[in-house]
Amino acid sequence: MAEHEQQHVRVAVIGSGFGGLGAAVRLRRQGITDFVVLERADSVGGTWRDNSYPGCACDVPSHLYSFSFAPNPEWPRNFSGQEHIRAYLERVTDTFGLRPHIRFNAEVRGLRWSNSALHWEIETASGALTADVVVSATGPLSDPKLPDVPGLDTFPGKVFHSARWDHDYDLRGKRVAMIGTGASAIQIVPAIQPEVSRLTLFQRTPPWVLPRADRKISAAEKWLHTKVPATRAARRGLLWGIRELQVSAFTKRPNELGLIEFLAKNHMRKAIKDPGMRAALTPDYRIGCKRILLSNTYYPALARPNVDLVPAGLTEVRGATLVAADGSETEADAIVFGTGFHVTDMPIAQRVTGANGTTLAEEWKDGMAALRGASAAGFPNFLTLIGPNTGLGNSSMILMIEAQLNYMVDFLRQLDVLGGKIALTARQSAVDEWTRKIQRRMERTVWNTGGCDSWYLDANGRNTTAWPGTTAEFKKVTRQVDLAEYEVLRPPGAAVGTSGSARAEVAV
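This structure is a prediction, so every number in the text was calculated from the model and none was measured. (Residues numbered from 1 in each chain as written. Predicted model: local features only at pLDDT ≥ 70, side-chain atom pairs only at ≥ 80, totals over all residues. Heavy atoms only, no water.)

A. Seen up close, the packing of aromatic side chains. The tally for this structure, following the rule as stated, stands at 17 aromatic pairs. Aromatic side chains Trp75 and Tyr88 sit 5.2 Å apart centroid to centroid with 40 degrees between the ring planes, which places their arrangement in the tilted category. Linking Trp75 in the loop between helix 2 (47-50) and helix 3 (82-95) with Tyr88 in helix 3, this pair joins segments that are 13 residues apart in sequence. Tyr88 shares its class with Trp75; the two are buried. When the centroid spacing of 5.1 Å and the interplanar angle of 70 degrees are considered together, the rings of Trp467 and Phe474 count as edge-to-face. Using a relative accessible area of 0% as the deciding quantity, one classes Phe474 as buried. (Phe/Tyr/Trp six-rings, centres within 6.5 Å; stacked < 30°, edge-to-face > 60°. Helix = DSSP H or I, 4+ residues; strand = E, 2+ residues; numbered from the N terminus. Buried < 20%, exposed > 50% of the residue type's maximum accessible area, 1.4 Å probe, protein only.)

Given below as structure tokens:
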């Protein structure tokens, strides 16, 4: 939609990854066409656009990592690569006619709630607009985190983050340092190992790695899924059900994960013959405490003669020399940071100013908190997709996104039912009660008891990222808006009408 055609919209969606595109589809399916999707880049895809590093792929099976309303019988592999997932999102954009709603190169620079007008004032890189409702779908894996390493500015070679891969830089024959051993690093290492002269992996904490049951999906399977949709649905249902059954071990009985640790150690033992290296690669925390990684090629790559494992983090850079925490030194031509993202301190929160004149970042300085993962107190008509405590450790985030889209649709319906110029803001007491229940359940999960320091935890050591239950349970508690958890806002001086009976709260 051209900038001059619409200065006020009913809904403004921020981001065009899975969350933003899903929101756009649901809005159109509800008959709502007065909306825009604000995208900072020049194409859709979100994290699947930004992360184009060698070997990039999803660690959730493709038939589960896709929208239920947009199945894809043509997935090429069990675990499809970045290029296939990005192509899928482009196809969703076209199939559902979303492009007229998308404003590319329109990074949101600031959002401010107007108490008098009861709408959001939005400043973007392509101009200003206002919106009755804002849906933030920026996602937790959108802004790379670079560590503050002393002397990094003295490094004469190439430096980039895995999510900002420099495809113009040729790694062939180079001495490359890989910093970090997370989900990106274990894909990058085997992908670049054959072409670099030397690869040094700086490992602050070893990950748990399990085999990746990946294979090509046959032409017969694709044909069957296309001609008999029930087989496609059955495949998705089976993948979902298996993961639902695993949840209790993560959230209630972490000690049951010992068998999985045995499988992971055996997986390592097959490729790593050196006892010293095996010891360095064996985690000292419970599996699942950090994200469990899947790879058949990571350990074999580490065993290659041109790869060095440094079992310590990078602490200093002296020109072309990299110094690790254990005192060892390495010469490098390029540094690749696989150091994750701003998850518990999302930058978008610094740009959102609510009804009290404070930013979302200020309100969240002691930890993120939002009612049912969507509504923060003091921020009327503002919904977050993949908000606080909606992350998963073993299943597809698309399931959580679709549950929150149900909540978004009912939120908009409630505004229509109440009628007139109106806003809903989450009561602080409701947010506090929801958060208290979540944190109480979090106490016995593997993420809190497993003995590790992970990106699930914020600076205060509180888990504000993960959901301590099944996806079915989350779908249930986000099925509809409970008006008792919200305060109804009307313009100053407006007559207060009845809002109908509030729905019974769904207990967590």
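B. Broad picture of the state of the cysteines. The tally for this structure, following the rule as stated, stands at 1 disulfide. Disulfide pairing places Cys289 opposite Cys452 at an S-S distance of 2.0 Å. In this structure, the disulfide formed by Cys289 and Cys452 twists by about -95 degrees around the S-S bond and is classed as left-handed. Remark: Cys452 occurs in the loop between helix 13 (446-449) and helix 14 (471-477) and Cys289 occurs in the loop between helix 8 (275-281) and strand 11 (293-294); sequence separation between them is 163 residues. Across the pair, Cys452 and Cys289 agree in class, each one buried. Free cysteine Cys56: the closest other cysteine sulfur is in Cys58, separated by 8.8 Å. Classification of Cys58 as buried rests on a relative accessible area of 4%. (Disulfide = S-S within 2.5 Å.)

C. Spotlight on the nonpolar core. Among the nonpolar cores identified, the biggest contains 115 residues, and Phe18, Phe67, Tyr299, Leu302 and Met408 are the most heavily contacted of them. If near-sequence neighbours (up to four positions away) are discounted, Tyr299 is found in contact with Pro207, Val209, His267, Met268, Ala271, Ile272 and Leu281. Grouped together as the second largest cluster of nonpolar side chains are 27 residues, Ala12, Trp120, Met346 and Ala376 included. (Core = buried A, V, L, I, M, F, W, Y, C linked by side-chain atoms within 4.5 Å. Contact = heavy atoms within 4.5 Å.)

D. Representation of the sheet that holds strand 8 (residues 175-179) in the model. The strand order across the open sheet built from 5 strands is 7-16-8-9-12, with neighbouring strands paired in parallel fashion. Two strands bound the open sheet, and with one partner strand each, they are strand 7 (158-161) and strand 12 (307-310). With direction set aside, neighbouring strand axes in the sheet form an average angle of 15 degrees. Relative to strand 9 (residues 198-202), strand 8 runs parallel, the two being bridged by 5 bridges. Bridge pairing in strand 9 places Val176 opposite Leu199. Each of strand 8 and strand 9 is contacted by helix 4 (residues 185-192), which is oriented at about 165 degrees to strand 8, the strand it contacts most. (Pairing = 2+ DSSP bridges. Axes fitted to C-alpha atoms, helices over the stretch in contact; angles between N-to-C directions.)

E. Seen up close, helix 5 (residues 219-227). Every buried residue belonging to helix 5 is among Glu221, Lys222 and His225, and all of these are buried. Relative to the axis of helix 5, the buried residues are bounded by an arc of 100 degrees and lie together on one face. In helix 5, the exposed residues that point more than 90 degrees away from the buried face are Ala219, Ala220, Trp223 and Lys227. Each element contacted by the buried residues of helix 5 is listed here: helix 6 (229-251). (Arc of directions from axis to C-beta.)

F. Region of the structure containing the sheet that holds strand 13 (residues 314-318). The antiparallel open sheet is built from 3 strands, whose spatial order is 13-14-15. Two strands bound the open sheet, and with one partner strand each, they are strand 13 and strand 15 (329-331). Ignoring which end each strand starts from, the neighbouring axes of this sheet average 25 degrees apart. Across 4 bridges, the pairing between strand 13 and strand 14 (residues 321-324) is antiparallel.

G. Looking closely at the pairing of strand 4 (residues 108-114). A large share of strand 4 lies buried, amounting to 5 of its 7 residues. Inspection of the sheet shows strand 4 paired to strand 5 (residues 119-124) by 6 bridges, in the antiparallel sense. Bridge pairing in strand 5 places Arg112 opposite Glu121. In this antiparallel pair of consecutive strands, strand 4 and strand 5, the connection spans 4 residues, and Leu118 shows a positive phi of 55 degrees. Direction of pairing for strand 4 relative to strand 17 (residues 352-353): parallel, over a ladder of 2 bridges. Directly across from Arg112, in strand 17, lies its bridge partner Thr353.

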